[in-house]
Amino acid sequence: MVVQAAAWLRCASALALICLSALIAACAIQGGSASLPAPDAGLGEDGNAPRRSNSIKVALLLPLTSGGQTAAVANAMKQAAELALFEHDNPDFQLIVKDDKGTPEGAQAAAEEAVREGAELILGPLFAGSVRALAPAARQASVPILAFSNDTQVAGNGVYLLGFPPQQEVRRVISYALSRGHRRFAALLPEDAYGKLVEAAFRDAVASGGGVISALETYQPASNAMVEPAEKIVRELREAEEALQPIDALFVPGGPETLPRLGPLLSYANLDPSAVKLLGTGGWDYPNIGREEVFLGGWYAAPDPRGWRDFSERFAKTFGSSPPRLASMAYDAVSIAIRLASQPAGSRFTAANLTRPAGFTGIDGPVRLLESGIAERGLAILEVQRVGASVIDPPSGFGSTSQLMPSRGFN
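This is a predicted model, so every value here is computed, not measured. (Residues numbered from 1 in each chain as written. Predicted model: local features only at pLDDT ≥ 70, side-chain atom pairs only at ≥ 80, totals over all residues. Heavy atoms only, no water.)

### A short note on the pairing of strand S16 (residues 380-384)
(1) Moving on: A large share of S16 lies buried, amounting to 4 of its 5 residues.
(2) Moving on: Two elements, strand S12 (residues 299-302) and S16, share 4 bridges in a ladder whose sense is antiparallel. Its bridge partner lying in S16, Ala-301 is registered against Ile-381.
(3) Moving on: The pairing of S16 with strand S17 (residues 389-393) spans 4 bridges and is antiparallel. Within S17, the position partnered with Glu-383 by the bridge is Ser-390.
(4) Moving on: Here S16 hands over to S17 after 4 residues, with Gly-388 in that stretch at a positive phi of 75°. (Buried < 20%, exposed > 50% of the residue type's maximum accessible area, 1.4 Å probe, protein only. Helix = DSSP H or I, 4+ residues; strand = E, 2+ residues; numbered from the N terminus. Pairing = 2+ DSSP bridges.)

### Describing helix H7 (residues 193-208)
(1) Moving on: Counted at 1.5 Å a residue, the expected span for H7 with its 16 residues is 22 Å, and the 23 Å between its end C-alpha atoms agrees.
(2) Moving on: If you check which residues of H7 are buried, you get Gly-195, Val-198, Ala-201, Phe-202, Ala-205 and Val-206. In an axial view of H7, the angular spread of the buried residues amounts to 135°, which keeps them on one side of the axis. Away from the buried face of H7 by more than 90 degrees, exposed residues Ala-193, Lys-196, Ala-207 and Ser-208 are located.
(3) Moving on: The N-terminus of H7 is capped by Asp-192, whose side-chain oxygen sits 3.3 Å from the backbone nitrogen of Tyr-194.
(4) Moving on: Phi turns positive one or two residues past the end of H7, at Gly-210, with a value near 80°. (Expected span 1.5 Å × (residues − 1). Arc of directions from axis to C-beta. Polar contact = N/O pair within 3.5 Å; in protein donor to acceptor, adjacent residues only side chain to side chain.)

### Observations concerning the nonpolar core
(1) Moving on: Ranked by internal contacts, the top residues of the largest apolar core, which has 46 residues, are Leu-95, Leu-123, Phe-148, Leu-162 and Phe-311.
(2) Moving on: Elements with a contribution of two residues or more to this core: strand S3 (56-62), helix H3 (68-88), strand S4 (93-99), strand S5 (121-123), helix H10 (305-319), helix H11 (327-340) and strand S14 (365-369). (Core = buried A, V, L, I, M, F, W, Y, C linked by side-chain atoms within 4.5 Å.)

### Focus on the confidence of the model for the protein chain
Note that predicted coordinates carrying low pLDDT should not be read in detail.
(1) Moving on: On average, the protein chain scores 86 in pLDDT, and the residues at 70 or more come to 84%.
(2) Moving on: Overall, residues 1-54 carries pLDDT values under 50, and its contacts beyond four positions in sequence, including any with other chains, amount to 94 contacts.
(3) Moving on: Contacts from residues 405-411, a stretch scored under 50 in pLDDT, to residues over four places away or in other chains number 17 contacts. (pLDDT = per-residue confidence, 0-100. Contact = heavy atoms within 4.5 Å.)

### Let's talk about the pattern of salt bridges
(1) Moving on: With the rule as written, the count across this model stands at 13 salt bridges.
(2) Moving on: Across the pair Arg-386 and Glu-293 runs a salt bridge whose closest N-O atoms are separated by 2.8 Å. Placement of the pair is Arg-386 in the loop between S16 and S17 and Glu-293 in the loop between strand S11 (277-280) and S12, with a sequence separation of 93 residues.
(3) Moving on: Overall, Glu-293 belongs to the partly exposed group, its relative accessible area being 46%. (Salt bridge = Lys/Arg side-chain N within 4 Å of Asp/Glu carboxyl O.)

### Some details on the packing of H10 against H11
(1) Moving on: As a packed pair, H10 and H11 sit with axes 11 Å apart at the nearest point and diverge in direction by 90°. Between H10 and H11, the interaxial angle falls into the category roughly perpendicular. Across the interface between the two elements, Trp-308, Phe-311 and Arg-314 from H10 touch Ala-327, Ser-328 and Tyr-331 from H11.
(2) Moving on: Its residues assigned to classes, the contact of H10 with H11 shows 4 nonpolar, 1 polar and 1 charged. (Axes fitted to C-alpha atoms, helices over the stretch in contact; angles between N-to-C directions. Parallel < 35°, antiparallel > 145°, perpendicular 65-115°, else oblique. Nonpolar A, V, L, I, M, F, W, Y, C, P; charged D, E, K, R; others polar.)

### Points about the sheet that holds strand S8 (residues 184-190)
(1) Moving on: Read from one edge to the other, the open sheet built from 7 strands follows the order S9-S8-S10-S11-S12-S16-S17, with strand pairing classed as mixed. If you trace the sheet from one side to the other, it starts and ends with strand S9 (212-219) and S17, each paired once. Here the strands of the sheet are splayed against their neighbours by 25° on average, with no regard to which way each runs.
(2) Moving on: Here helix H8 (residues 223-242) sits on the sheet in contact with S8, S9 and strand S10 (249-251), set at roughly 165° to S9.

### Things to note about helix H6 (residues 166-179)
Because each turn of an α-helix spans 3.6 residues, side chains separated by three or four positions end up pointing in the same direction.
(1) Moving on: The end-to-end C-alpha distance of H6 is 20 Å, a good match for the 20 Å that 14 residues give at a rise of 1.5 Å each.
(2) Moving on: Judged by how many residues are buried, H6 sits mostly within the fold: 10 of 14 residues are covered.
(3) Moving on: Among all positions in H6, only Pro-166, Gln-167, Gln-168, Glu-169, Val-170, Val-173, Ile-174, Tyr-176, Ala-177 and Leu-178 are buried.
(4) Moving on: One or two positions beyond H6, positive phi appears at Gly-181, with a value near 95°.

Encoded structure:
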């Protein structure tokens, strides 16, 4: 399927009757090719608008038919990509959407097909295994990949990741806590792959900032298995205070699948959040975290929410539903591609352009692609309130960033 952004029709009276959602729906026909005709352009023999000889093709690979919630998220990411396409409106830019079926084999086949069709850049796929499978074919064709995974093991050598590395969130929140005078840390971590990643980043960040880790406990995700580690970490906090070596910060990474169960356990164990500052990562960024008293006033690192709120409103107005959190990555990926498409053929999506020192600014704030293939993100520090969270330390950029947000969107 090819989605092509074309110039607006000159007939203003007709345009006034057409809303953005209708335009996008008309140009996103599964299994076909549709586009808005350019001014005074006739139709080709197949009934579609004629393709421009200088069109710039970029492929978008998503698990559109993988089933379940994954397919729903993938289709919303496709809609976000289409929204970016129309808000930036480059008439020479073609987005080739491919279904990778959520499998490595499907991703490899979709990438090979996109390369044959002339794609100069591949956006996606979503899963690390799919990225790993298609990378050799894309590399052989000198086509870079801007993927949505956060698995740093698949980054590099022409593969750039737009995902959010949890290590950066850990470093940001620990660095902020250290800057506010916190020196003695404890942690309560999940006993899984994510827990191992954040533990390594936690230890490194505390040591680099001159802090001390005085206690660390892990837990299995089952509710019953959380009880003993939660009680033990609170007991260790109390013992440290009695020994006149108080622990002043407790790192509790997690998200809506674990924190609503951990919060009451910590409260029941008599954790005093006024004496110990609770710290978290981007998983804390969900609407109801403030319902748990123990997390009120806690700090966590995440993108500045203002860009996401604006994007969500535009997405909901266009498509009639709220976007999943991953949708912003698809929007930003297309925006980066369109920004770089203004360069001459052969020099658009080079490593030098993709890794420009100033980076870009998109829905989720400043982002810079490193030579390692990992995305460095400018993260804010937020404080949990009873309703939502407030930004207490905004993200810093990377110099003169190239804005991905359109100067004005559709109303």
